[in-house]
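These are the residues of each chain, in order.
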Amino acid sequence: MALIILFGCLALFLIIGVPVAFALFAASVLTFFYLDIAPVIAVQQMASGMNVFSLMAIPFFIFAGDLMYRAGIAEKLVRLADAALGGTRGGLGQVDVGASMLFGAVSGSAIASVSALGSALTPMMVEKGYDRDYAVNVTCTAAILGLIIPPSHNMIIYAASAGIGISIGELFVAGIVPGVMAGIILGITSWLVARKRGYPKGTFPGWRAFILAAIAAVPGLMTAVIIVVGILAGIFTPTESSAVAIFYTLLVGIFGYRTLGSKQLGLAIAGSVRTTAMVMLIIGSAAAFGWLLALLEAPSALAGFVTSVTDNPVIVMLMVLAALLVLGTFMDMAPLIIITTPIFLPLMISFGYDPVHFGIVLMLALGIGLVTPPVGAVLFVAAAIGKIRIEDTVKTIWPFYLALIIALLLTAFIPALSLTLPGLLG
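None of these values were measured; they are calculated from a predicted model.

Student: Got a minute to help me understand helix H4 (residues 57–70) in this structure?
Tutor: Residues lying three or four places apart along an α-helix face the same way, a consequence of the helix completing one turn every 3.6 residues. The end-to-end C-alpha distance of H4, which contains 14 residues, comes to 20 Å, matching closely the 20 Å that a straight helix rising 1.5 Å per residue would cover. Burial runs high along H4: 10 of the 14 residues are buried. For H4, every residue scored as buried is listed here: Ala57, Ile58, Phe61, Ile62, Phe63, Ala64, Gly65, Asp66, Leu67 and Met68. Gly72 sits one or two residues past H4 and shows a positive phi near 80 degrees.

Written as structure tokens, this is what we have:
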């Protein structure tokens, strides 16, 4: 009965439009009353959920991503991608995917990626004769690559929610191959759609232009290299790496590109504070919700139900993927990571799946939810930037959904894609 109250109240609050953080906390408090537990414990669990040292990296990575956006690093990456991929059929679609992979590698934020690249590429694509729905579809689906290509603050949330000492550095490295693979599949899809629609073929600007674009993009790309190599080499912790990312981005933006002035810096600080406050409030509320799930033994109940249905690991993975994809259409990513990790991770471990591998699967599955209505934040931002209705873009986005589902299934059922590189690097 307590579980029915907990999930029923949450569903009701979300349906009537209560913000996710308040819906999670209110559902938890009502369940505390039913269980005759002092509501102050909910507040204590909320504070405890936010009082985790590794979560200190989240505001720093958010700030670093916003600084990169304001410093114009996205523009340099677009030029590099255009020089490398712009000569293919529907070349700007390939440029969009390539630039999203590069920008994701330095920002780790899908919202920052779709905002920066959508603002730069969507008007350019429309001017060149591309349809608005195609531009929006490519931009929003490619933006989620930043969730699995390191660094990603969502991986930090997953590691903290798992509670079993998962290495954040290992998670970062594990996302590289699946992220690149998903980018290649999206690139092929964008080329096939562009070919079917008869979009123009671009021209290769020459090796000189490509080398100059690569040189200009190197300072921005070095952010990801410094973070990942520094963590793996033991030079600094993931939390310290987020502060290093800010310091390095400030140097690049102020003294390198000379595009980061006091105005841009002020906007980055204000935007990061708002985003951080929202994320941390969700994390705290979800922590109280997750404490109740553990108290009510929801993971054990789920494991018992699943084992009564099947003992096939493949079927179990498909069931979990289906649940994650459905949940992702109704809730934002951060609270879902905190809620679903304590429920699904013990189940997946009991069926022989590696927690690092499942973390990458979780990131990609919930990332797809960000581009799926009715609560697809990245899809809404891309549509607003592209000046097109959600209904119009959803009608033609299915090839890109299919590409992401293929990437998800390959990542889920070929663990070597996630685990080989971390194993090689020790």
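On we go.
Student: What is the right way to read the pattern of salt bridges from this model?
Tutor: Between side chains of opposite charge, a pair can form when the charged atoms approach closely. The full count for this structure, using the stated rule, is three salt bridges. A salt bridge links Arg197 to Asp133; its shortest N-O distance comes to 3.0 Å. Taken as a pair, Arg197 in helix H11 (residues 176–197) and Asp133 in helix H8 (residues 132–143) lie far apart in primary sequence, 64 residues in all. Relative accessible area serves as the criterion here: at 29%, Arg197 is assigned to the partly exposed category.

Student: Explain the side chain of Thr141 here, please?
Tutor: The topology assignment puts Thr141 in helix H8. Polar side-chain contacts of Thr141 include one of 3.3 Å to the backbone oxygen of Val138. Not counting residues up to four positions away in its chain, the partners in contact with Thr141 are Leu186, Val371, Ile397, Phe400 and Leu404.

Student: Is there a simple way to think about helix H18 (residues 355–369) in this case?
Tutor: The end-to-end C-alpha distance of H18, which contains 15 residues, comes to 21 Å, matching closely the 21 Å that a straight helix rising 1.5 Å per residue would cover. The buried count for H18 comes to 15 of 15 residues, which makes it a mostly enclosed element. The N-capping residue of H18, defined by a side-chain oxygen 2.8 Å from the backbone nitrogen of Val356, is Asp354.

Student: Is there a simple way to think about unusual backbone geometry in this case?
Tutor: Backbone phi values are negative for most residues with the exception of glycine, while trans is the configuration of most peptide bonds. Although it is not a glycine, Asp36 adopts a positive phi angle of roughly 60 degrees. Topologically, Asp36 is positioned in the loop between helix H2 (20–34) and helix H3 (40–50). Of the residues examined, Asp36 reaches a relative accessible area of 72% and is grouped as exposed. Unlike most non-glycine residues, Lys387 shows phi in positive territory, near 55 degrees. Along the chain, Lys387 turns up in the loop between helix H19 (377–386) and helix H20 (390–394).

Student: How should I be thinking about the side chain of Thr372 in this particular structure?
Tutor: Tracing the backbone shows Thr372 in the loop between H18 and H19. When neighbours within four sequence positions are excluded, Thr372 is seen to be in contact with Thr329 and Tyr401.

Student: What is the right way to read the nonpolar core from this model?
Tutor: Across soluble globular proteins, nonpolar side chains show a tendency to be buried alongside one another. Tyr134 and Tyr158 are the most contacted members of the largest nonpolar core, which totals 141 residues. Sorting elements by how many residues they give to this core places helix H17 (residues 333–350) first, with 11 residues.

Student: Please explain the packing of aromatic side chains as it appears in this structure.
Tutor: By convention here, two paired aromatic rings are described through the distance between centres and the angle between planes. Counting across every chain of the model gives four aromatic pairs. Taking the centre distance of 4.7 Å and the plane angle of 40 degrees together, the rings of Tyr130 and Tyr199 count as tilted. Here Tyr130 is found in the loop between helix H7 (110–127) and H8, whereas its partner Tyr199 is found in the loop between H11 and helix H12 (207–232), with 69 residues between them in sequence. The exposure class assigned to Tyr199 is buried, which follows from its relative accessible area of 3%. On the numbers, 6.3 Å between centres and 65 degrees between planes, the contact of Tyr134 with Phe400 is edge-to-face. Highlighted residues: Tyr134 in helix H8 and Phe400 in helix H21 (residues 398–413), separated in sequence by 266 residues. Like Phe400, Tyr134 is buried. Taken together, the aromatic side chains of Tyr130, Tyr134, Tyr199 and Phe400 make up a single cluster linked through ring pairs.

Student: Can you help me understand the packing of helix H1 (residues 2–15) against helix H14 (residues 262–295) in this one?
Tutor: A pair of packed helices is characterised by two quantities: the angle between their axes and the separation of those axes. Two elements in contact, H1 and H14, have axes whose closest approach is 10 Å; the angle formed by their N-to-C orientations is 155 degrees. With respect to H14, the element H1 is oriented roughly antiparallel. Of the two possible hands of crossing, H1 and H14 adopt the one that is left-handed. Contacts between H1 and H14 involve Leu3, Leu6, Phe7 and Leu10 from the first element and Phe289, Leu292 and Leu293 from the second. Counted by class, the contact of H1 with H14 contains seven nonpolar, no polar and no charged residues.

Here is what the cut-offs are and how they apply
- Numbers given to residues run from 1 along each chain, matching the order in which its sequence is written.
- Confidence filtering applies because this is a predicted model: local features only for residues at pLDDT of at least 70, side-chain atom pairs given and counted only at 80 or more, and all residues used for totals across whole chains, interfaces and linings.
- To get the side-chain values, take all heavy atoms of the structure and skip hydrogens and water.
- The way it works is that DSSP assigns letters per residue, a run of H or I at least four long becomes a helix, a run of E at least two long becomes a strand, and they are numbered from the N terminus.
- Residue count minus one, scaled by 1.5 Å, sets the expected span of a helix.
- Burial classes: relative accessible area under 20% of the type maximum marks a residue as buried, over 50% as exposed, and values in between as partly exposed (1.4 Å probe, protein chains only).
- Salt bridges are defined by distance alone: a side-chain nitrogen of Lys or Arg within 4 Å of a carboxyl oxygen of Asp or Glu.
- By the criterion applied in these results, polar contacts are pairs of N or O atoms within 3.5 Å in which, for protein atoms, one can donate a hydrogen and the other can accept it, and in which residues neighboring in sequence qualify only through two side-chain atoms.
- In what follows, a contact means two residues having at least one pair of non-hydrogen atoms within 4.5 Å.
- What makes a nonpolar core is a set of buried Ala, Val, Leu, Ile, Met, Phe, Trp, Tyr and Cys residues whose side-chain atoms join them at distances within 4.5 Å.
- Aromatic rings from Phe, Tyr and Trp, with only the six-membered ring used for Trp, were paired whenever their centres fell within 6.5 Å, and each pair was classed as stacked if the ring planes differed by under 30 degrees, edge-to-face if by over 60, and tilted otherwise.
- Here an axis means a line fitted to C-alpha atoms, over the contact stretch when the element is a helix, while the angle between two N-to-C directions is reported on a 0 to 180 degree scale.
- Between 65 and 115 degrees an angle is taken as roughly perpendicular, under 35 as roughly parallel, over 145 as roughly antiparallel, and anywhere else as oblique.
- We call a crossing left-handed when the near helix sits turned anticlockwise from the far one by less than a right angle, and right-handed when that turn is clockwise.
- Three classes are used, and their members are as follows: Ala, Val, Leu, Ile, Met, Phe, Trp, Tyr, Cys and Pro are nonpolar, Asp, Glu, Lys and Arg are charged, and the others, Gly among them, are polar.

Purely geometric stuff here, so don't read any function into it on its own.
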